[in-house]
Amino acid sequence: MTEIEAVRARHAVRSYQDKRIDKELIDKLEAKIAELNEKGNISLQFIEDASSTFNKLFNKAMGLGSAPSVIACVGPDDDTLDERIGYYGEKLVIYAQQLGLNTCWVGTFNRKKIPAKIGSNEKLVIAIAIGYGTTQGKQSKSKTADEVVIDFTDNAPNWFKAGVEAALLAPTAINQQKFEIIYTKNEDVEFKDLGGVLSKVDIGIVKCNFEIGVEDYKSNNPE
């Protein structure tokens, strides 16, 4: 499964099998986490036993069934952290889908009981439930490209349109999709955060999906 195939196949999964992730897959996840942590200056942490993180009260609030494992998304607390967590966390989510695992971004969980290592200058931003889903989830209702795109040229190229298509598949907090993607007069791409719950994390996720869409288009349509 390619990255763009994983983007299209991946949906939020809130119900998981009572089954530990295979050791071989954990090794691959941890290797990918080490790579992404170095690139993003963050601290994604795989926690195999999520039983204390997703207790019954929070599960009920989120509609989340017990997930076997969790990824704590931690990093140095600065103005860029949330976006970096979104970008590199989505890289990991897509990779997990390629491995045959399911995921769900979770903003509400038992933060006091998650066994993550959080330094004095660090912040726990969000968590990602991970495991084998009882289903593959389903596609959420999405805005159209016209609702999120601002094209100052009225003639955006096809690679941009492919990126937008992938970006519209990005998970966002409470499915708010509070972002705009701008194709500028200088033929650059800008992303605008319209505010809302965890919107900076959302922008990072959207950028990640956009880039995957663009890369796939360009690899299949060389100039």
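You'll find the structure just up there.
Residues numbered from 1 in each chain as written. Predicted model: local features only at pLDDT ≥ 70, side-chain atom pairs only at ≥ 80, totals over all residues. Heavy atoms only, no water.

**Q** It is not clear to me how the sheet that holds strand β5 (residues 149-151) should be interpreted in this structure. Could you clarify?
**A** The strands making up a sheet associate through hydrogen bonds between their backbones, and the pairing can be parallel or antiparallel. If you trace the three strands from one edge of the open sheet to the other, you get β5-β6-β7, paired in mixed fashion. Taken across any chain shown, the strands that pair with only one partner, and hence form the sheet edges, are β5 and β7 (189-193). Going across the sheet, the axis of each strand differs from the next one's by a mean of 20°, ignoring polarity. One ladder, built from five bridges, connects strand β6 (residues 179-183) with β7; its direction is antiparallel. Bridged to Glu-180 within β7 is Lys-192. Across the face of the sheet, helix α6 (residues 158-167) comes into contact with β5, β6 and β7 while running at roughly 175° to β6. (Pairing = 2+ DSSP bridges. Helix = DSSP H or I, 4+ residues; strand = E, 2+ residues; numbered from the N terminus. Axes fitted to C-alpha atoms, helices over the stretch in contact; angles between N-to-C directions. Contact = heavy atoms within 4.5 Å.)

**Q** Quick question: what am I supposed to make of the nonpolar core here?
**A** The tendency in soluble globular proteins is for nonpolar side chains to be buried side by side. Membership of the largest hydrophobic core comes to 50 residues, with the highest contact counts inside it found for Leu-29 and Leu-44. Looking at this core, the element that brings in the most residues is helix α4 (residues 81-98), giving nine residues. Other than its neighbours up to four places away in sequence, Leu-29 contacts Phe-46, Leu-92, Tyr-95, Ala-96, Leu-99, Leu-101 and Ile-130. (Core = buried A, V, L, I, M, F, W, Y, C linked by side-chain atoms within 4.5 Å. Buried < 20%, exposed > 50% of the residue type's maximum accessible area, 1.4 Å probe, protein only.)

**Q** Explanation requested: the packing of α4 against helix α7 (residues 199-220) in the structure shown.
**A** Geometrically, a packed helix pair is captured by the angle between its two axes and the distance between the axes. With their axes 6 Å apart at the nearest point, α4 and α7 run at an angle of 45° to one another. Relative to α7, the element α4 lies oblique. Here α4 runs over α7; the crossing is right-handed. In this structure, α4 contributes Asp-82, Glu-83, Gly-86, Tyr-87, Glu-90, Lys-91 and Ile-94 to the contact, and α7 contributes Lys-200, Val-201, Ile-203, Gly-204, Ile-205, Lys-207, Cys-208, Asn-209, Glu-211 and Ile-212. Split by residue class, the contact of α4 with α7 holds seven nonpolar, three polar and seven charged. (Parallel < 35°, antiparallel > 145°, perpendicular 65-115°, else oblique. Left-handed = near helix turned anticlockwise from the far one by under 90°. Nonpolar A, V, L, I, M, F, W, Y, C, P; charged D, E, K, R; others polar.)

**Q** Any chance you could explain the sheet that holds strand β4 (residues 122-131) here in plain terms?
**A** Pairing in this open sheet of four strands is antiparallel, and the strands run β1-β2-β4-β3 from one edge to the other. Strands at the two margins of the open sheet, each flanked by one partner only, are β1 (43-47) and β3 (102-106). For this sheet the average axis-to-axis angle between neighbouring strands, irrespective of direction, equals 25°. Bridge count between β3 and β4: five bridges; the pairing is antiparallel. Bridge pairing in β4 places Thr-103 opposite Ile-130.

**Q** What's the story with the state of the cysteines in this structure? I'm lost.
**A** Defined simply, a disulfide is a covalent bond joining two cysteines at their sulfur atoms. Across all of its chains, the model carries zero disulfides by this definition. No disulfide involves Cys-73; its sulfur sits 12 Å from the nearest other cysteine sulfur, which is in Cys-104. A relative accessible area of 0% means that Cys-73 is categorised as buried. Here Cys-208 stays free of any disulfide, with the sulfur of Cys-73 as its closest cysteine sulfur at 13 Å. (Disulfide = S-S within 2.5 Å.)

**Q** Quick question: what am I supposed to make of the packing of helix α2 (residues 23-40) against α4 here?
**A** Viewed as axis vectors pointing N to C, α2 and α4 meet at an angle of 155°, and their least axial separation amounts to 10 Å. In this view, α2 runs roughly antiparallel relative to α4, as classed from their interaxial angle. Judged by the twist between their axes, the crossing of α2 over α4 is right-handed. Between α2, through Lys-28, Leu-29, Lys-32, Ile-33, Leu-36, Lys-39 and Gly-40, and α4, the contact on the second element is made entirely by Arg-84, Tyr-88, Lys-91, Leu-92, Tyr-95 and Ala-96.

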